[in-house]
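Residues per chain, in single letters:
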Amino acid sequence: EALYLVAEVRAEVVRLAGARELTPTQYLELLPPVDAELVPMTLSIERLDRLPPGRVATLRKTLRDRERAQWAREVLATVATPLHDKLPRDAPPLASRDAALDQLSQLLDGTRRRSVLLTGPSLAGKTALVHAWVRARLARSTPLVWATSGTQLIAGMSGLGQWEERVRRVMEAVETLDAVLYFDNLGDLLSERAHGHADIPSALKPWIDEGRVRVVGELRAELADGAERNHGPLLAT
């Protein structure tokens, strides 16, 4: 079998070289290094009809879980940015915020899915705190943190029921991956004028109330009172 493969490779190289009319130098570039060799591989293939029922069920569940996770990543990629991939890992360390970082880590790193609201004046370091938490997690695991906004969530959704279905699919994806959905401007999400007929906070509330997802939002201090008056039940969760 190995000799047959060598002959096939040789014939293919000759065919390509003739079709492309290569120069002698280009022809040599097609050849492998002197120390290269073909090594036969032995593959073990399990036939489902010969496996115990329990093993078959486990394999099928693993396959379904992988397909579901791939679907979730594709859904989130349409409305959010993967902060765990885009965040620079060599940024300056967060200074004098150890207590706040430890508290944020306790809230987000546990098995219980919690949501966190960060409030404070502009330039107080809310975003820096979130980024520091992501970098700390990256040092020991692979957190999935997707940054989005209210505008991104419903972009292009104009028909009746379209934006609700979009939000539902996004939250299902977040739940599937046990990811963190991050809003760096929660004021945009809570604004009644920003998204017309779309009541995004009400759509998110059941997912947060039931502890099915982790959501992190930043809100400027001057907007906190108004947000609490209009969306108190959501922020209370």
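Note: the structure precedes this text.
Residues numbered from 1 in each chain as written. Predicted model: local features only at pLDDT ≥ 70, side-chain atom pairs only at ≥ 80, totals over all residues. Heavy atoms only, no water.

Moving on, we get to helix H3 (residues 53–77). The first and last C-alpha atoms of H3 sit 36 Å apart over 25 residues, in line with the 36 Å expected at 1.5 Å per residue. Buried within H3 we find Val-56, Ala-69, Ala-72, Val-75 and Leu-76. (Helix = DSSP H or I, 4+ residues; strand = E, 2+ residues; numbered from the N terminus. Expected span 1.5 Å × (residues − 1). Buried < 20%, exposed > 50% of the residue type's maximum accessible area, 1.4 Å probe, protein only.)

This part covers the pattern of salt bridges. On inspection of all chains with the given rule, the structure shows eleven salt bridges. A salt bridge links Glu-12 to Arg-15, with the shortest nitrogen-to-oxygen separation between them at 2.6 Å. Separated by three residues within a single helix, Glu-12 and Arg-15 lie in helix H1 (residues 2–20), roughly one turn from each other. Judged by its relative accessible area of 36%, Glu-12 is partly exposed. Overall, Arg-15 belongs to the partly exposed group, its relative accessible area being 48%. Residue Asp-65 pairs with Lys-61 through a salt bridge whose shortest N-O separation is 2.8 Å. On the criterion of helical spacing, the pair formed by Asp-65 and Lys-61 is a turn pair, its members being four residues apart in helix H3. The exposure class assigned to Asp-65 is partly exposed, which follows from its relative accessible area of 41%. Of the residues examined, Lys-61 reaches a relative accessible area of 46% and is grouped as partly exposed. (Salt bridge = Lys/Arg side-chain N within 4 Å of Asp/Glu carboxyl O.)

A separate point is a nonpolar patch on the surface. A cluster of nonpolar residues, Val-14, Tyr-27, Leu-28, Leu-30 and Leu-31, forms a patch on the protein surface that exposes about 430 Å² of accessible area. Here the nonpolar patch takes three residues from helix H2 (residues 24–30), the largest share from any one element. Along the polypeptide, Leu-30 turns up in helix H2. (Patch = residues over 30% accessible without salt bridge, like charges linked within 9 Å, V, L, I, M, F, W, Y side chains within 5 Å. Areas by Shrake-Rupley, 256 points an atom, 1.4 Å probe, with all protein chains shown as cover.)

This part takes up the packing of helix H5 (residues 98–108) against helix H6 (residues 126–138). Packing of H5 against H6 leaves a shortest axis separation of 10 Å and a crossing angle of 65°. Our pair here, H5 against H6, has a crossing hand that is right-handed. Between H5, through Ala-100, Leu-101, Leu-104, Ser-105 and Leu-108, and H6, the contact on the second element is made entirely by Leu-129, Val-130, Ala-132, Trp-133 and Arg-137. Considered class by class, the residues forming the contact of H5 with H6 number eight nonpolar, one polar and one charged. (Axes fitted to C-alpha atoms, helices over the stretch in contact; angles between N-to-C directions. Left-handed = near helix turned anticlockwise from the far one by under 90°. Contact = heavy atoms within 4.5 Å. Nonpolar A, V, L, I, M, F, W, Y, C, P; charged D, E, K, R; others polar.)

By themselves, these are just geometric observations and shouldn't be taken as functional.
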